Every structure is written in C-alpha cells, then in structure tokens.
Amino acid sequence: MPDLRIPTSAQEVSETTRQAAGWFDEHWQDWLAGGIRIVFIIVLALVLRAMVRKVITQLITRMIRPGESEDEPSRLGGLLANTGVVNPERRQQRAEAIGSVLRSVASFTILGTAALMVLSALGMNLAPLLASAGVAGVAIGFGARNLVTDFLSGVFMIMEDQYGVGDEIDTGVATGTVLEVGLRVTKLRGAGGEIWYIRNGEVKRIANMSQGWSTASVDVQVAYKEDLERVETLIQETAEAMAKEAPFDELVWAPFKILGVESVAADSVVLRIEARTAPGKSLSVARALRQRVKAVLDEAGIKVKEEVPLAAAAGTGTGTAAATVLATAAIPGTDPAPPSALADPTSAGYKAATPIPAPVRPADDATKAP
C-alpha cells in the first residue's frame, strides 16, 4: 500500500509519486479485468433475460394456438384445456396471466443472480450477506406465510381456470359475479350490489355456475285424469318450436327431453323437462318455457288439477250449512249452495232455532220490618 501521509519535502513528493505509479502499474490489470468481468456479467444477464422472456412468450403463444381440430387440441394447448369447455378468449386470458408470472419470476432470478456476481467481482464478501438474507427470508416466511399461501393459490387458480372475470361463483363464504382475479385477492359483486374481497388462500371450495353449460329444468303439473301421452306431445312440440326461435336458438345447446313423471298426487301429476343451455342462461330459458307451456295447456283445455267433488252434507245445523257454503265457494267453477233458512233472522226456522231465554227471577219483596 502506498504511504498516504502528506509529503513535506520535494524528496517525499518524489517518493510518493513513484510509489503511486508503481501501485497503479501493479493493479491496473486487475481493475481492467474486474471491469470487463462486470460488464460481461451484466450483458450476459440482459441477453439471457431477453432470451428467456422470448421463449416464455413463444410457449404461451403455442398454448393459445388451437390444434388442427377442435376435438384434438395441440399438445401445449391441452395444458390450458378444461374438459373441452374453455373458449379461446378465456384461454388467452389465462395464458397471458401465466406468462406474466413466469416472466416476472425469470427476471427476478436472473437479475438477482447477476447482482450477486457483480458484488463478488468487486471483492465484497457475500457470506455475511447471504447469511443475513437467509435469516431475513426465514423470518419473513413465518410472518408472511398467509401471503405466500394466497399467492400460490392464486397462481394455481389461474392455471387451472377455476373461474374468470364475469363468472358467477360460490366460494362458500360469498356468492356473486367475479369482477377481478388477482394473485392474492379475488373481487366479487354480490346479488345486493356489495363487493366481496376474498383471499385466495381462504377459499376451500368453488362452485362455478358459468363454466361449461347449465341445465334448465321445468316441472309441469297436470290433472290426474289427463292423457299423459297427449300432454307430453304438446310439451315436446312447444319446446322444439321455442328452441328454433331467436334468441333461444343460441341459448339452448341440446334438445329438450321429457324425463317422465316426477311425482304423483291424488289430484295431479308432475312431469319434468330438462335441456342443456348456455352457462348462466338456464333460468331465462326455463321461465320462457313455462310461459309457453301454460298457454298451450290452456288452449288445449288441459287442467292442472282435478276438481274435488262436494261431499253431501250430513244432517242439518248452522255449522254444517256454513261448512258446505265455504267448501263450495273454495272450489272454482262450481255453483254456490243455496242460502240456508237459518241465515235469515226473520224466518221461522231461525226463530225456532233460537235458544229459549232463561226465565227472569222476580225481584225479592222488600225486607219486612221487624
């Protein structure tokens, strides 16, 4: 090491200059080699990062690209398939999300390694730094374990396409429409307009009502004595006609099927009809079918319930007559019973049925004087 003491004479100045020149001449090659090494590390890291990002982009592009046929997707595209019900837009969104995560991880790994190599080239001892980083990583890992769980759960949810923006889902703790899917939090819009923020690590089960297809189920009640074959024919013709009209021709994905008798009662029979519809459109299709079936049954004169015959009244009396009137009035389409004579206060029957009043006790005579 050169003498860093301030020279006080010409001889000391000359000696110090000679030592500095010698020291510089001895170390300049190390400096140049270290600088070249640092530049090489940085350039190599940037080139490697660009190559890895390009490879990831090409991989994601091949995942998005469909196969030669819809039934046989490409090998990489099959990684994003979900029982053959994922449309291209959802697959592209998932691929972009996965690509963004992979590019971020690759950049962090490559640039972080390059930074450590540059510090090592500068002569810095990395052992204390790595030890401190390890201890800090363990402490952060224990403190932020929920954050790590949320992040990993979000990554797998996106890769597996469990749900996407616009889907109607039930997470167990909340139900609503997905507004945003993040790596840590999922945002839902509830039925009442409220917004739910759900941590991905807290979701144990998910029911997606908007993925794949839905089932429209309609129960039709008819009277017990109606001809079921005729009823089924009318319902089938009505359903097929509705499925050919807009907009139901795009909402109904499979023909309506009459499953048969669902239940039997003393005065009615219930038939069930089902059809496969577009996701989230089962309720609208079912409502439209009910309205059309009701109109067809009314036009054909098919009853939905048998009329209960009025039992003959046994005995006479106010209670029996009142019960008969109420029972008759409760049955639509029947004539009311004739009025009872007991209901007229001026009739002889009413007066005869009037209870005889108790005799009035005469007032006691005045207390006799003693």
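Data block above holds the structure.
Residues numbered from 1 in each chain as written. Predicted model: local features only at pLDDT ≥ 70, side-chain atom pairs only at ≥ 80, totals over all residues. Heavy atoms only, no water.

Caption draft 1: Quick look at the pairing of strand 2 (residues 175-181). Where strand 1 (residues 168-170) meets strand 2, three bridges bridge the pair, whose relative direction is antiparallel. Paired with Asp170 across the bridge in strand 2 is Thr175. Sheet topology places strand 2 next to strand 3 (residues 185-189); four bridges connect them, and they run antiparallel. In the strand pairing of strand 3, Val178 is matched with Leu188. The loop that links strand 2 with its antiparallel partner strand 3 comprises three residues. (Pairing = 2+ DSSP bridges. Helix = DSSP H or I, 4+ residues; strand = E, 2+ residues; numbered from the N terminus.)

Caption draft 2: Spotlight on a nonpolar patch on the surface. A contiguous nonpolar surface patch, about 450 Å² in accessible area, is contributed by Val148, Phe151, Leu152, Phe156 and Met159. Assignment of secondary structure puts Val148 in helix 4 (residues 145-160). Note on Val148: relative accessible area 44%, which makes it partly exposed. (Patch = residues over 30% accessible without salt bridge, like charges linked within 9 Å, V, L, I, M, F, W, Y side chains within 5 Å. Areas by Shrake-Rupley, 256 points an atom, 1.4 Å probe, with all protein chains shown as cover. Salt bridge = Lys/Arg side-chain N within 4 Å of Asp/Glu carboxyl O. Buried < 20%, exposed > 50% of the residue type's maximum accessible area, 1.4 Å probe, protein only.)

Caption draft 3: Representation of the side chain of Asp150 within the structure. Tracing the sequence through the fold places Asp150 in helix 4. In this structure Asp150 touches Leu183, Arg184, Arg199, Asn200, Gly201 and Glu202, once residues within four positions along its chain are discounted. (Contact = heavy atoms within 4.5 Å.)

Caption draft 4: Geometry of the side chain of Asp267. Structurally, Asp267 is set in the loop between strand 7 (257-264) and strand 8 (268-277). Residue Asp267 is classed as buried on the basis of its relative accessible area, which comes to 18%. When near neighbours in sequence (up to four residues on either side) are disregarded, Asp267 contacts Val222, Ala223, Tyr224, Lys305 and Glu306.

Caption draft 5: Region of the structure containing the sheet that holds strand 6 (residues 214-223). A sheet is described by the order of its strands in space; here three strands give the open sequence 6-8-7, paired in antiparallel fashion. Since the sheet does not close on itself, it has two edges, and those belong to strand 6 and strand 7, each with one partner. Geometrically, the sheet is characterised by an average inter-axis angle of 25° between neighbouring strands, direction not taken into account. The pairing of strand 6 with strand 8 spans 10 bridges and is antiparallel. When the sheet's bridge partners are listed, Ser214 is paired in strand 8 with Thr277. Each of strand 6, strand 7 and strand 8 touches helix 5 (residues 228-243); the most contacted strand, strand 8, lies at about 30° to it. Relative to strand 6, helix 7 (residues 282-300) is tilted by about 25°, and along the sheet it contacts strand 6 and strand 8. (Axes fitted to C-alpha atoms, helices over the stretch in contact; angles between N-to-C directions.)

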